[in-house]
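# Chain and residue survey
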Protein chains: 2
Amino acid sequence: MGVTVAVDANGADLGPAEVAAGAAIAAALGVSVRIFGPAEQIGEVADGVVVVDAPFSIAKHADPARAARSSPEASIIQAARCVAEGEADALVSAGATGATLAAGLFEIRRARGIYRPALATPVPIPGSPVTLLDVGANVEVRSEHLVQFAYMGAALATTVLGQQRPRVALLSNGSEASRGTALVIEAGEALAAGSQDSFEFVGNIEGNDIAAGAADVIVTDGFTGNVALKLMEGISQAVVGGIRDAATSTPRAKLGGALLRPALREFRDSIDPEGPGGAYLLGLRQLAVVSHGRFTRYGFSQAILLAARAVSGDLVGQTYAALESSGALRRKAGDQGATPSGAAANFPPDDSRGRP
Amino acid sequence: MGVTVAVDANGADLGPAEVAAGAAIAAALGVSVRIFGPAEQIGEVADGVVVVDAPFSIAKHADPARAARSSPEASIIQAARCVAEGEADALVSAGATGATLAAGLFEIRRARGIYRPALATPVPIPGSPVTLLDVGANVEVRSEHLVQFAYMGAALATTVLGQQRPRVALLSNGSEASRGTALVIEAGEALAAGSQDSFEFVGNIEGNDIAAGAADVIVTDGFTGNVALKLMEGISQAVVGGIRDAATSTPRAKLGGALLRPALREFRDSIDPEGPGGAYLLGLRQLAVVSHGRFTRYGFSQAILLAARAVSGDLVGQTYAALESSGALRRKAGDQGATPSGAAANFPPDDSRGRP
């Protein structure tokens, strides 16, 4: 594909060598990888993978924005700078959402006309992929932010997941357009009135509609989205755990569980969070993907491959074109549209120069 | 127990006779029931159950507040008035949250010092009961509302569920006190500083902590709570459905599923929404319980029995005492603390006379 991905190997629970093993899988499938981390822990790497020795990590730092500012040598900063300088096309981080958000904002910077970057993630439920955003980059938002999230999420669904004209919905406490906070109602009116060549706006959906596949892309603020994502992870685990407990409670149940296990494998794969590779940080001038620190090499390889697919599909350009044709781009360069409590609001305003 | 419960039989999917069958179970256990609905559909009733013929229903009305105002003959209004006039001690509705909220606010009215009633519900996950509130009565709230919800939820957990000094948490996007919206952070500060004789405030919890049993009572705004509750219902169904599909996919899996079924019964019972009887409408001068319209007689009997238990335990008085000793009661009679978009804000301010 001729795509190069910059990967921060710090932050993975299984260590930088596991990330390098994921990079080797992606490289074998044609993606060039530059991996940033402690060279001595990464060790020998596969063809197509270049190691940049960057042992210093801010992945576990309590104040990632401050750490990013004061630690230009940190692996995530070096990896992000590599993308900003055009030596790589996308950024993949092996954990640490805050540090990746900080590095992305400082080095790669916001795309032109974007108010706020947003974190998008496929929800861990069986069935077709459903993308939820924002899952935590912006705790408090304005309605025009939600509108942009809709376009960014739709572009991701089309470019990376191959969903043509995805169905986009707002998450609310009722399906009628009159239900929801003032914020949700205002965003719904704007989305219903706007141009929707790139997606179909299907209005409000409720919590139970997420698992029912009522929409391909679900838009919400970063507070609600973060609560919802973690809730889904927790409930899935609790239900699967409850069934596992039942399947070991009696000899008869144990036999039943053993017979059922092969059939459950496909189901378990469908809710495996490693398949999608992690959360996508949208709204920067290039894509960043944040994997879970607890992933194995499979998850890291997926993150790199999906980032490369986003580059090949020109996710950033597609997002910009859809926003431009709809009139949903930020109007004035100085308007960040920020209330001060969102995570992204801790970062300086973008200067809106350079690439879209 | 000498407790009388007023029951609206309209709104049940299985019809008023199913509600009457639930009332018969509760009556056999010593609760007096006055049941409001179409007498000819209710038919013969058990000892301890009195029928009040009230065929007119506003359970499915699109604008329940307006319907409640203009339909004094509606069964839910008559049942609520019966409670307000002291002929019954608590209200149970067989569905229709909006109509019950309207009838409760108009007839039973807010308890003294309460800003807003809130809907509390046990979450449908295995393990000890976890109470979540608000799940939809107030779409937008202020921090002092969240503080009151904490006291109301704790009083419910103690009085109805028998949890002594329950652990109370705020739902947020991070466990640190600094994480969350401005609203959540402010409520957390107030709860941490306030008197907590009646519960233990454990700070913020995240979505995945709900299923992990990190708190007994979880406080949030009605938007987030409604999304979370419906999400849990949807995810539980999707996971159980996915496992059921797997258990019918091959002959071997079918045999496994059949062997496993008895062991799964206890697990299924633990996530059965009928056990807790429905959602509790807290903050009125008497308790109201809103069952699901799709419940069977078992769920309706549970709703009546749990309402009676709340009366015996003096839930309303306990809530008032805890709020009074903590200083979290509304200060001025005229201060409704309302932004105009919450459901409860469509109702007139309470005059703060009469019983607590």
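Report follows, based on the coordinates. This structure is a prediction, so every number in the text was calculated from the model and none was measured.

Time to look at the overall build of chain A. Scanning chain A from terminus to terminus reveals 12 helices and 11 strands. Scaling as 2.2 N^0.38, a compact globule of 356 residues should have a C-alpha radius of gyration of about 21 Å, and chain A matches this with 20 Å. Principal axes of the C-alpha set define a box for chain A whose edges measure 65 × 55 × 35 Å. Pairs at least 24 apart in sequence give 71% of the contacts found in chain A among residues at least 6 apart.

It is common to report an interface's size as the accessible area lost on association of the parts. Across the contact, 51 residues belong to chain B and 51 residues belong to chain A. Of all the elements in the fold, those that place two or more residues in the side of chain B that touches chain A are helix H8 (207–211), helix H9 (222–246) and helix H10 (251–270) of chain B. Tallying contributions element by element places H9(B) first for the side of chain B that touches chain A, with 21 residues. Considering only residue class, the side of chain B that touches chain A consists of 28 nonpolar, 18 polar and 5 charged.

A word on the sheet that holds strand S11 (residues 288–290) of chain B. Strands belonging to one sheet form pairs held by backbone hydrogen bonds; the direction of such a pair is parallel or antiparallel. All names here are of chain B. Spatial ordering of the open sheet is given by S3-S2-S1-S4-S11-S10-S5-S6-S9-S7-S8, a layout of 11 strands whose pairing is mixed. On the outer flanks of this sheet lie strand S3 (49–53) and strand S8 (200–205), each paired with one strand and no other. With strand direction ignored, the average angle separating the axes of adjacent strands in the sheet is 25°. Bridging between strand S10 (residues 279–282) and S11 involves 3 bridges; their strand directions are antiparallel. Bridge pairing links tyrosine 280 to valine 289 in S11. The sheet strands contacting helix H4 (residues 75–84) are strand S1 (4–8), strand S2 (32–37), S3 and strand S4 (90–93), and the helix crosses S1 at an angle near 165°. Against the sheet, helix H6 (residues 143–159) engages strand S5 (118–122), strand S6 (131–133), strand S7 (167–171), strand S9 (217–219) and S10, with an angle of about 160° to S9.

All names here are of chain A. With respect to topology, 11 strands assemble into an open sheet ordered S3-S2-S1-S4-S11-S10-S5-S6-S9-S7-S8, the strand pairing being mixed. A single partner strand is all that each edge strand has here, and the edge strands are strand S3 (49–53) and strand S8 (200–205). Adjacent strand axes in the sheet meet at a mean angle of 25°, parallel and antiparallel pairs treated alike. Relative to strand S6 (residues 131–133), strand S5 (residues 118–122) is paired through 3 bridges, and the arrangement is antiparallel. Residue pairing across strands places proline 122 opposite threonine 131, the latter belonging to S6. Across the face of the sheet, helix H9 (residues 222–246) comes into contact with S5, S6 and strand S7 (167–171) while running at roughly 140° to S6.

So, on to the relation of the copies chain B and chain A. Taken as rigid bodies, chain B and chain A are interconverted by a rotation of 180° and an axial shift of 0.0 Å, the fit giving an RMSD of 0.0 Å. Here the transformation between the copies is reduced to the relation of a two-fold axis. Within chain B, Gly256(B) has its C-alpha nearest the rotation axis, a separation of 1.8 Å. A shared binding surface is used by both copies, with 100% of the interface residues of chain B retained as interface residues in chain A.

What follows deals with the pairing of strand S4 (residues 90–93) of chain A. All names here are of chain A. Taking every second residue as pointing to the same face, both faces of S4 are buried, with Ala90 and Val92 on one and Leu91 and Ser93 on the other. Pairing between strand S1 (residues 4–8) and S4: 4 bridges, direction parallel. Along S4, the bridge assignment pairs alanine 6 with leucine 91. Sheet analysis places S4 next to strand S11 (residues 288–290), joined by 3 bridges and oriented parallel. From the neighbouring strand, valine 92 faces S11, where its bridge partner is valine 289.

All names here are of chain B. Assignment of secondary structure puts alanine 182 in helix H7 (residues 182–193). Overall, alanine 182 belongs to the partly exposed group, with 13 C-beta atoms counted inside 10 Å. Linking alanine 182 and arginine 331, residues 149 residues apart in sequence, is a C-alpha distance of 22 Å.

Residues and elements named next belong to chain B. The N-to-C vectors of H4 and helix H5 (residues 97–108) enclose an angle of 35°; their axes lie 9 Å apart at closest approach. In this structure, H4 meets H5 at a crossing whose hand is right-handed. On the side of H4, the interface is formed by Ile76, Ile77, Ala80, Arg81, Val83 and Ala84, while H5 contributes Ala99, Thr100, Ala103, Gly104, Glu107 and Ile108. Here the residues of the contact of H4 with H5 sort into 8 nonpolar, 2 polar and 2 charged.

Moving on, we get to the nonpolar core. Membership of the largest hydrophobic core comes to 265 residues, with the highest contact counts inside it found for Ile304(A) and Ile304(B). Apart from residues no more than four positions distant in its own chain, Ile304(A) is found in contact with Val5(A), Val7(A), Gly22(A), Ala23(A), Ala26(A), Val31(A), Val33(A) and Val92(A).

What counts and how
- All residue numbers here refer to positions counted from 1 along the written sequence of the relevant chain.
- For naming, the first written chain is A and the first written ligand is 1, with later ones following in the order written.
- Selection of residues for local features in this predicted model requires a pLDDT of at least 70, selection of side-chain atom pairs for listing and counting requires 80 or more, and totals for whole chains, interfaces and linings are taken over all residues.
- The way it works is that DSSP assigns letters per residue, a run of H or I at least four long becomes a helix, a run of E at least two long becomes a strand, and they are numbered from the N terminus.
- Radius of gyration here uses only the C-alpha atoms, and the compact-globule reference equals 2.2 Å multiplied by the residue count raised to the power 0.38.
- We call two residues in contact whenever the C-beta atoms placed from their backbones are within 7 Å.
- Side-chain classes follow a simple rule in which Ala, Val, Leu, Ile, Met, Phe, Trp, Tyr, Cys and Pro form the nonpolar group, Asp, Glu, Lys and Arg form the charged group, and the remainder, Gly included, forms the polar group.
- Two strands pair under a simple rule: DSSP has to find at least two bridges between them.
- Angles shown run from 0 to 180 degrees and are taken between the N-to-C directions of axes, each axis being a line fitted to C-alpha atoms and, for helices, limited to the stretch in contact.
- Least-squares superposition aligns the copies on the C-alpha atoms of those residues with pLDDT at or above 70 in both.
- Residues with at least 20 neighbouring C-beta atoms inside 10 Å of their own are called buried, those with 12 or fewer are called exposed, and the rest are partly exposed, where every C-beta is derived from the backbone.
- Definitions for this section: a left-handed crossing has its near helix turned counterclockwise from the far helix by less than a right angle. A right-handed crossing has that turn clockwise.
- Structurally, a nonpolar core is described as a collection of buried Ala, Val, Leu, Ile, Met, Phe, Trp, Tyr and Cys residues joined by way of C-beta atoms within 7 Å.

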